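Fold and geometry: a report
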Amino acid sequence: MLLLSYVLIGLYSIGETQKHLRKNAFTDFRVLAASVHAPTVSILAPAYNEGLNIVENVRSLLSIYYTNLEVIIINDGSKDDSLDKLIEAYDLEKIDFFIQQQIDTKEVRGVYKSRNSIYHKLIVVDKVNGGKADALNVGINISSNDYLVCIDVDCILEQDALLKMIKPFLEQTDKRVIASGGVVRIANSCTIEEGRLVKIKLADDYLPQIQILEYIRAFILGRMAWTRLNGLMLISGAFGAFDKEIAIQCGGYNPNTVGEDMELVVRMRRLMEERGEEYVVTYIPDPLCWTEAPASFQILGRQRNRWIRGTFETLYFHRIMFFNPRYHLLGMLSYPYWFFFELCAPAIEFFGFICFLIFALLGMMDWGFFLTYFFFIIFFSYLYSCFAILMEVVTFNQYRRRIDILRLMLTGLTEPFYYHPFVVWSAIKGLFDLFKKEKSWGEMTRQGFAKKTEAARVSISTIPQNTPVPQTKTVPEIPKKNHAASLLERKIVPAISKTVLFISRSFTEYSSLVFVLLILLLFARILELALDYSQHGTPAFFWKVVLYGFAKDFSFFLKIIAPAFLVFSILFLLQQKIAKTLFIIGAIVLVLIQLSLSQYFIKTLVPLGADLWVYSIADIRQTVGASGGVPISLILILIVLVALSIGAFIYFPPRIKIRGLASFLLFIFFIFVSGSGIANATDTWLPGQEYSNNLSINKADYFFSKSYQYFFPPAVETDIYSDAYSGDYALGVTQNDSTVFRYIDEKNYPFLHSVDTSVDVLSPFFNHKQTPPNIVILLVEGLGRAFTNDGAYLGNFTPFIDSLAGKSLYWQNFLSEGGRTFAVLPSLLGSLPFTKNGFNELANRMPPHLSLLNVLEHNGYASSFYYGGESHFDNMDMFLKKNTIGFINDEKEFPPGYTKMPSQNGFTWGYGDKELFRHYMELTQKSQASGKPLVNIILTVSTHDPFKINEQVKYLQKFEDRMTELGLTEEVKKQRRNYQYQFASILYMDDAINHFIQEYSKRPDFANTVFLITGDHRMPEIPMNNKIDRYHVPLIIYSPLLKRTARFTSISTHFDITPSLLAWLKKSYKIKTPSVASWMGTGLDTTRGFRNIHAYPIMQTKNDLVDFIKGGFMLSNNNLFRIGPNMELTPEQNQDKQNELTAAFNAFLAKNRQIQESLKIVPDSILLKFRPH
Amino acid sequence: MIRISHTSVKTCLLDNFFTNTVMKYISPEYLFLGIKILGFAILLIVVVIYAYLYYKKRVFLYNGGVSKNLQVWISAIIMEDSFESVVLPRKFYRMMKNPWARKLVMEELLACKRNFSGVAADNIVALYEHLGLKADSIKKMHSKRSWHIRAKGIQEIYMMDQRDMLPDLYKSTNSENEYVRMEAQTGVINLTGFAGLRFLDIITYPLTGWQQIKLLEQLKHSSQKEDLSDRIPFWLLSENNTVVVFALKLAGEYQQFGLRENVINCLNHPSVSVRNQAFKTLERLTDETIPALLMAHLPNESLANQLGILDSLKDQASENEKPQLIQLLEHSNDQIKLKTAIIIANNYADGWEILEQKANEIPAPYQPILFHVQSVLKR
């Protein structure tokens, strides 16, 4: 309703302003000035203690070019020398003047006219002080002309102001023009010479500047629209013209209100309405009158206090009109508008703010809704301000410089947060003062009209009312109380004062520094977005990313300001300089960390969390080195940024000093923000696509919060009252679950369960041979379904793997169990839980366990591991050794004659896939001759950052060719080229596998070999679509032993491979497998239709165990999603389901923690049974 | 049997409306969409502001450049004895192809025409015609787009003395748009002087106070004086009260003593404003019968008109009105008292004595009134 009214006001004002401007285009106002037929006009200018400028101000009024004019200056009992100055300057003499008491007023002491005929238009009235309304009433009584123009004496009028103001009275026909209003503009910083405005300039100070915007809005939009409706209820007291006859008939100005200007207009209108006469109140949008706006909060506060009281009083006096159809538009629209939107609005806003505080502190706030609603309102109000500026520019364009318009717009941005709250508060104080009117009514009638009057009153009212000194002298008190009072006076009060003073001082310094930090953080965001754009082009949901990004940066800023202030103030207590210096150093380091983390993200496309603390120094060195190290350009940027930051900290703080009320409000705001947790509200703001989501987050915030959680993990206690715990959700198992383990000894071995032999699903697909088959598991680095096989949403860039899938058992919706390589060996080979940071991170503490390797070795298999890189990475070698692997063949084992991948800054991951396969073939040629069945694990590395491969040029060309084969449009090609090295490495890997299979097929053991091909996780260096995308990999089981091929769309994960393989081998080849095991997986699902029968956790990074899938749903960071047939995620609002998944996930987490502490997975008795021979 | 009250159905419907419509549109998703739309609108406005400022600056710079040349050329043209001897540079003609430049030339010529007369003014008009600007003005005058274009066209036509367009101007003197008819009325007066006032015969729309002042000022500049004595009586009988008021002003301004009787007839006009103007006009057309006439009308008039009548009598009251004026001193309204006191002091030999006696008898308010009158009349 409110917004709609503003829209209507904005739109309605356009037509009226346009009409006025067109009218003025061919109007020569000079005609009126010289004509004897022009109506007679009296200017009424009340003056109170205006001695400083009164002579110049009167001269300015006398210089107005208008024939039928008299200028009446009413000296309202000034205490200064105003009257003497006027007498002297204009050669005044006291005359006998009969005042017709048409309106009752206070006593007139004398009327003066000039002896000099040049000043024949001037009349000066000296009267007893009675307030502005009373002074104006005296002016009305004295005036001998038909029209009254009431102005503030210190206003500067434009040359043609009077002509423009009077013209509407001459244009009346069937409707009587009873009053005419004019625009009041702000003259602060303008050049005024001899009472004339010489040069217009935008005010330099903040308060006048924001009031300029406020005035533009009110005068150009608001009043113009109301004029068009003939519903104007207020003509500014600074400059307005009235039909004297009507003004007298309605009794003149009301001295019993502080809003006499509005009250008169309303009363005149009411009179006309009650008489049933047609009338108009007109309004001139031209800038006619210039005045000085309050430049201090004190004066502004009093002004706004007075305005709201004036509004209340006026509306109260004329309450009969409220929704009274007798008063037509005045009663049905104008009055209600003023009542609801002008009088009640501050009270409603204030009430809303109080409610907001209470709700926020009680944690009852829906922050998502609140913030979107809040920003919606902010945006709307700013739009309204911008529209007002546009109207000003298109119409009168008083501020010619473009920079002034920009300043005005920037100032407008601060209004809702700084200026508007103060105005609302002043209005509230005004309303509060109204309730005290019984005491202060008499005083209030004596409210002055000029700023100086108010300033004088302020100084009087600020005298402490409860000074204790006289009391102690006059009132005898018992010694105890006296002692208490004196202790209070001597110690407590000074201590409190000192503390407040200290906090105030340190906060003033701090706030200026902290704003520079905010600027730097926002600058770092811009830099991050620019760097990301240069590397990866425009991200999806770009504007959301930008908006959320800045919001999240601001949230991060809000999170740190309060604790930082605590540290700062302690240091400030020691020494001011130390506090400032350390703050600056800290801020710069923070920004550098932010930028470094941004660089990491841009490189890896995943934000760095606490996994940094989990990797060993060697691992980090290897990762960073292999990914290109720290480029010179980044170092240069960082140096420049440091220099800029230091410059900013030197330049800005002395210029941004927030003091007084603003400082206090800011302090309260900071305290509130840190106490309420409002800054966390943006955590749930996600643009919509995984990569864009990650791009939008504040990397430093993410890193620090994850690190905090890592070092200070929250105590996990089962909340027995939660929905997730109660009912059917306990332990995460529902009655409908088809794959539920029968746990044997959960207390000691949480995951140990009996193994159901009927879970074999692979036998029906294989021909049977006498000797157990060789098993080759090909773990392809980063092989994601996003770019693999048909239906890949980025396009199929692995033509060979795709062709192989057609000849195989192919699970197209398969999932890895980790977002990085660390998880693949334990999950796939051991179907093992993650423990705290991934099973391998247990290193030497790794408990003995069952795995595909040791069970097969027990059954006579020979096992080995092949890797082109360093197998100690992620403790892979330790895990494999724990599983008594026969042979680890990594980078160190490659003989001469093999070429490593190209290095970057001296670092390389090792040997590329082609070389790895070549080496494998050479080595296994010999081992196959031993007659033992083989279980070999191959982990590739070429498709890892930095994607430097041998034959890069060739594969870059292949990438181009492949895009053409896929029929990608030029636009899509352009997007894909941002990741050309990634795609080239994928094509290289595909070629390598192709060659590997071709070569293998020539070997005799090929016929009895089963190949499993899967990805360790999806390559994150190409932007991902959603949370599950990171785990979405293919599983291909290819073998000459296959009876038939099949394609499955059901979901299974790495956890399911070992149980299924062992079940198959047990059934088909009678190998010995354990009857009880701790497999996390229940086995592969060979249902062709889309479904998920599993309930598994998935670990994103070594420190992020936040994802869980169960049935057709995924729980990620406590957000529930429905999994679609193409592995798309859609947010789901299903509390029942959420509870179910949360309970299941919690049940797993509890068991996982148990393992982590007890380090017991499988009893020794079972392990001993399956010791390798 | 379940009975559902109308109230509960209404409540239910309201609930549904609230849930389905209101709550839906203030959900975060819609609000976010709103933020995006508002953000876009803000950006758009900022772009428009700066585009407009850029446009204005371009116009300013262009105008500055053109004006510089234009002023030189126009000055040269004005100085020539006749337009035939003027040779315009080719650049001028090239420039005139630009609509901005044409507009600017038009403005410059109008400004010059306002300030010059004689040969210089003739040269300006000749240049206006020579450059084909008249066609532009006619086009504007007949524009159906907007009233302000038509009014502008009319202004250009009459400012450039295009008498052949008078029929068109006359047609517009009773246009339904007040600004078009005002310009047309001003135009015909400008071109034909008093003869142009014949539009008063036909206008049905009111003649505003502003327009009356404009016309009176325009008539002052007219060199072609014409006898209006046969037209004014006709206008004084007009059904359009504003025409009557204007005719009264004309009669007073041009001292049409022969029309005194016609003006006197207006004292009984039903319109207060007509009667008010009639009092003022009679003050200028006064003779010995008028004060008595005015005094006779005084009791029945509104306060404003009573004060108007007393103002008219300030210098012309005769002995015949004295008793009535002395009686008026007792009037309840102080303004009437004061104005009456001024008339008495100003017109009668014993006026001051009457006032002093009154002041002695009843000091309040007559003493201050006496002092005031003494002060005003500088006794």
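Since the structure is predicted, the reported quantities are computational estimates derived from the model, not experimental observations.

Notes on the pattern of salt bridges
Counting across every chain of the model gives 67 salt bridges over all chains. The shortest N-O distance in the salt bridge between Asp-287 of chain B and Arg-260 of chain B comes to 3.0 Å. Of this pair, Asp-287 of chain B sits in the loop between helix H14 (272-284) and helix H15 (290-297) while Arg-260 of chain B sits in helix H13 (residues 260-265); the two residues are 27 residues apart in sequence, bridging distant segments of the chain. A single network of salt bridges, built from pairs that share partners, joins Lys-201, Asp-204, Arg-401, Asp-404 and Arg-407 of chain A.

Description of helix H13 (residues 402-435) of chain A
Residues separated by three or four positions in an α-helix point in the same direction, a consequence of the helix having 3.6 residues per turn. The end-to-end C-alpha separation of H13 of chain A is 46 Å, in line with the 50 Å expected for 34 residues at 1.5 Å each. In the structure, H13 of chain A departs most strongly from a straight axis at Glu-415 of chain A, where the bend amounts to approximately 70 degrees and where the proline Pro-416 of chain A lies between one and four residues downstream.

Things to note about the packing of aromatic side chains
Given two aromatic rings, one states the distance between the centres and the angle between the planes to describe the pair. Counted according to the given criterion, the structure contains 77 aromatic pairs over all chains. An angle of 70 degrees between the planes, with centres 4.6 Å apart, marks the rings of Phe-297 of chain A and Phe-422 of chain A as edge-to-face. Remark: Phe-422 of chain A occurs in helix H13 and Phe-297 of chain A occurs in helix H10 (residues 297-317); sequence separation between them is 125 residues. Judged by its relative accessible area of 7%, Phe-422 of chain A falls in the buried class. Between Phe-542 of chain A and Trp-543 of chain A, the aromatic rings sit 5.1 Å apart at their centres with planes inclined by 70 degrees, giving edge-to-face as the arrangement. The structure contains a cluster of three or more aromatic residues connected by ring pairs, namely Tyr-866, Phe-917, Tyr-920, Phe-996, Tyr-1000, Phe-1006, Phe-1011 and Tyr-1038 of chain A. For the cation-ring pair, Arg-198 of chain B lies above Tyr-170 of chain B, with the distance from its terminal atom to the ring centre recorded as 3.8 Å. Against the face of Tyr-366 of chain B rests Lys-358 of chain B, its NZ or CZ located 5.3 Å from the ring centre.

What to know about the sheet that holds strand S2 (residues 69-76) of chain A
All names here are of chain A. What the ten strands build is an open sheet, ordered S3-S4-S5-S2-S1-S6-S11-S8-S12-S7; its pairing is mixed. One side of each edge strand has no neighbouring strand; the edge strands of this open sheet are strand S3 (92-95) and strand S7 (156-157). Bridge count between strand S4 (residues 108-114) and strand S5 (residues 122-127): five bridges; the pairing is antiparallel. Bridge pairing links Gly-110 to Asp-126 in S5. Helix H6 (residues 161-170) rests against strand S1 (41-47), S2, strand S6 (147-151), S7, strand S8 (176-186), strand S11 (239-243) and strand S12 (279-291) of the sheet, and its axis sits at about 155 degrees to S8.

Remarks on the side chain of Arg-185 of chain A
Residue and element names in this part refer to chain A. In this structure, Arg-185 sits in strand S8. Looking at Arg-185, the relative accessible area reads 2%, which means it is buried. Within the local environment of Arg-185, its side chain forms a polar contact with the side chain of Glu-392, the two groups lying 2.5 Å apart.

Digging into the pairing of S12 of chain A
Residues and elements named next belong to chain A. Counting buried positions along S12 gives 13 out of 13 residues, so the element sits mostly inside the fold. Judged from the ten bridges that link them, S8 and S12 form a sheet pairing that is parallel. If you follow Val-184 over to S12, its bridge partner there is Cys-289.

As for the sheet that holds strand S29 (residues 1129-1131) of chain A
Residues and elements named next belong to chain A. Taking strand neighbours across the sheet as the criterion, the five strands line up as S25-S26-S27-S28-S29 in an open arrangement whose pairing is antiparallel. Here the strands that pair on one side only, and so sit at the sheet edges, are strand S25 (1095-1098) and S29. On average, each strand axis in the sheet is tilted by 25 degrees relative to the strand beside it, whichever way the strands run. As paired elements, strand S28 (residues 1119-1123) and S29 share three bridges and run antiparallel to each other. Opposite Ile-1123, over in S29, you have Leu-1129 as the bridge partner.

Notes on the interface of chain B and chain A
Contacts between the two partners involve 46 residues from chain B and, on the opposite side, 47 residues from chain A. A combined buried area of about 4,700 Å² lies between chain B and chain A, and 75% of that area is made up of carbon and sulfur atoms. Taken together, the links from chain B to chain A amount to ten residue pairs in polar contact (both at pLDDT 80 or more). Counting residues per element, the ones that place at least two in the side of chain B that touches chain A are helix H2 (28-79), helix H7 (147-159), helix H9 (178-192), helix H10 (209-220), helix H18 (334-347) and helix H20 (363-377) of chain B. Classifying every residue of the side of chain B that touches chain A gives 27 nonpolar, ten polar and nine charged.

Let's talk about a nonpolar patch on the surface
Residue and element names in this part refer to chain A. The grouping of Tyr-12, Leu-229, Phe-322, Phe-323, Met-332, Leu-333 and Phe-340 at the surface amounts to a nonpolar patch, some 570 Å² of accessible area in total. Among the elements that line the nonpolar patch, the one with the most residues is helix H11 (residues 328-361), at three residues. Tracing the sequence through the fold places Leu-229 in helix H7 (residues 206-229). A residue is classified by how much of its surface remains accessible, and Leu-229, at 31% relative accessible area, is partly exposed.

Notes on unusual backbone geometry
For the bond running from Asp-945 of chain A to Pro-946 of chain A, omega is 15 degrees, close enough to zero to count as cis. Omega for the peptide link from Ala-364 of chain B to Pro-365 of chain B comes to 10 degrees, which places this bond in the cis form. Mapped onto the elements of the fold, Pro-365 of chain B is located in helix H20. Its identity is not glycine, yet Phe-323 of chain A carries a phi of approximately 50 degrees, on the positive side. Position of Phe-323 of chain A among the secondary structure elements: in the loop between H10 and H11. Under the relative-accessibility criterion, Phe-323 of chain A is labelled partly exposed at 43%.

A short note on the confidence of the model for chain B
Regions with low pLDDT carry predicted coordinates that are not meant to be interpreted in detail. All names here are of chain B. Across chain B, the average pLDDT comes to 87, with 93% of residues at or above 70. Overall, residues 1-10 carries pLDDT values under 50, and its contacts beyond four positions in sequence, including any with other chains, amount to one contact. Model confidence for the complex is summarised by a pTM of 0.58, with the ipTM given as 0.87.

Basis of the calculations
- Residues numbered from 1 in each chain as written.
- Chains lettered and ligands numbered in written order.
- Predicted model: local features only at pLDDT ≥ 70, side-chain atom pairs only at ≥ 80, totals over all residues.
- Heavy atoms only, no water.
- Salt bridge = Lys/Arg side-chain N within 4 Å of Asp/Glu carboxyl O.
- Helix = DSSP H or I, 4+ residues; strand = E, 2+ residues; numbered from the N terminus.
- Expected span 1.5 Å × (residues − 1).
- Bend = angle between axes of the 7 residues up to and from the residue.
- Phe/Tyr/Trp six-rings, centres within 6.5 Å; stacked < 30°, edge-to-face > 60°.
- Buried < 20%, exposed > 50% of the residue type's maximum accessible area, 1.4 Å probe, protein only.
- Lys NZ or Arg CZ within 6 Å of the ring centre and 35° of its normal.
- Pairing = 2+ DSSP bridges.
- Contact = heavy atoms within 4.5 Å.
- Axes fitted to C-alpha atoms, helices over the stretch in contact; angles between N-to-C directions.
- Polar contact = N/O pair within 3.5 Å; in protein donor to acceptor, adjacent residues only side chain to side chain.
- Buried area = accessible area lost by both parts, 1.4 Å probe.
- Nonpolar A, V, L, I, M, F, W, Y, C, P; charged D, E, K, R; others polar.
- Patch = residues over 30% accessible without salt bridge, like charges linked within 9 Å, V, L, I, M, F, W, Y side chains within 5 Å.
- Areas by Shrake-Rupley, 256 points an atom, 1.4 Å probe, with all protein chains shown as cover.
- pLDDT = per-residue confidence, 0-100.

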